[in-house]
Amino acid sequence: MPEPVSDVAPVPGTVAGLAPGIGADAGEPTVRLRLDLGYEGTDFSGWARQPGLRTVQGELEQALGRILRLDPPPSLTVAGRTDAGVHARGQVTHVDIPVASLRATEGRRSDPVAPMTMAERLAALLRRLAGALPLDVRVNAVTEAPEGFDARFSALSRRYAYRVCDAPGGVDPLRRAEVLWYPRPLDLGGMNAAAARLIGEHDFAAFCKRRDGATTIRELQRLEWEREEDGLLVATVVADAFCHSMVRALVGSLLAVGEGNRPVEWPGTVLVNAVRDSGVNVAPAHGLCLEEVRYPGPEELISRARQTRRVRTLSR
């Protein structure tokens, strides 16, 4: 089965959600907005909306619905669905809304003779979101998306950071929600030597939770550990996309090498075997943060989205 085309149904009058157009039902023009945001994942059950659970998507959609007076609330499409407890500093999402709904941001300034410009309405929406959202999720920018922009499928890469403290005294209490304490010393050189064997386009089935119809072929572009001045070990992980639990499984395998429980060659062997290995412990969620999502220039957005939608196979 092919990988699902989109997180949400296309807006009526659009081509596979690639570009906003005219709503077929109401005949209303729509606009696609890009929202850049961050959140502390501690008290969220992940990004994706789930009945009865507190999620980032659920909070943001409800806030947009209240502010723009849309019932039901608009649906968001996100660059990367984060798991429960995972943080984000550079998450990106898009939403398609009726242009007319933005009038709700004008409040008492509403003037039919001299209405606010689109830029003014988006600035007002950003301010309203700051007041409507809980403090553990912040929208940093709201912009009108260029033609063809898709937060998920237009992305070139996602960059994550995983933070670990191996100091014998433990983690700084003020950072305990974002840094994993590892009670044994870790060998930076050994972890980087093991990480180098994982770079490239591979089938990462051994490091992913399988989902029906989804490919596990990914291009891992960077996986590198650094020890910062404060002593923290930070893994930078960059790929065109990630499958479910992939980053934390990769980190878990490298931590096993770092503490000396596994040889440098072991993560590479697990990768080649392409089956889940019981020796790979998925690292805890709270050390992981989505730092950045990269996109091509406006002229390449549509072609990038089409390329991403193709189900990949490995060239042999």
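All of the points below concern the structure found in this document. (Residues numbered from 1 in each chain as written. Predicted model: local features only at pLDDT ≥ 70, side-chain atom pairs only at ≥ 80, totals over all residues. Heavy atoms only, no water.)

## Examining the state of the cysteines
Next up, step 1: Taken as a whole, this structure holds one disulfide when the rule is applied.
Next up, step 2: Bridging Cys 208 to Cys 243, the disulfide has an S-S length of 1.8 Å. Here Cys 243 lies in the loop between β9 (233-239) and α4 (246-258) and Cys 208 lies in the loop between β7 (200-203) and β8 (217-227), a separation of 35 residues in the sequence. The pair Cys 208 / Cys 243 is uniform in exposure class, with both members buried. (Disulfide = S-S within 2.5 Å. Helix = DSSP H or I, 4+ residues; strand = E, 2+ residues; numbered from the N terminus. Buried < 20%, exposed > 50% of the residue type's maximum accessible area, 1.4 Å probe, protein only.)

## Remarks on the nonpolar core
Next up, step 1: By size, the foremost hydrophobic cluster in this structure holds 77 residues, and its most contacted members are Leu 60 and Leu 129.
Next up, step 2: Among the elements that line this core, the one with the most residues is α4, at nine residues. (Core = buried A, V, L, I, M, F, W, Y, C linked by side-chain atoms within 4.5 Å.)

## A short note on the side chain of Glu 291
Next up, step 1: Tracing the chain through its elements places Glu 291 in strand β10 (residues 288-294).
Next up, step 2: Judged by relative accessible area, Glu 291 falls into the buried class, the value being 12%.
Next up, step 3: In this structure, Glu 291 is in contact with Arg 89, Gly 90, Arg 159, Tyr 160, Ala 161 and Arg 163, ignoring residues within four places of it in sequence. (Contact = heavy atoms within 4.5 Å.)

## Observations concerning the packing of aromatic side chains
Next up, step 1: Under the counting rule described, the total for this entry stands at four aromatic pairs.
Next up, step 2: Summarising the aromatic geometry, the rings of Tyr 39 and Phe 44 are spaced 6.4 Å apart at their centres and angled 75° between planes, so their arrangement reads as edge-to-face. The pair Tyr 39 / Phe 44 is uniform in exposure class, with both members buried.
Next up, step 3: Considering the side-chain rings of Tyr 160 and Phe 242, the 5.3 Å spacing of their centres and the 90° angle between planes classify their relative orientation as edge-to-face. With Tyr 160 in strand β5 (residues 157-165) and Phe 242 in the loop between β9 and α4, this pair connects stretches of sequence that are 82 residues apart.
Next up, step 4: An aromatic cluster is present here, built from Tyr 39, Phe 44 and Trp 47 joined pairwise through their rings.
Next up, step 5: A cation over an aromatic ring shows up here: Arg 309 above the ring of Phe 153, its NZ or CZ 4.2 Å from the ring centre. (Phe/Tyr/Trp six-rings, centres within 6.5 Å; stacked < 30°, edge-to-face > 60°. Lys NZ or Arg CZ within 6 Å of the ring centre and 35° of its normal.)

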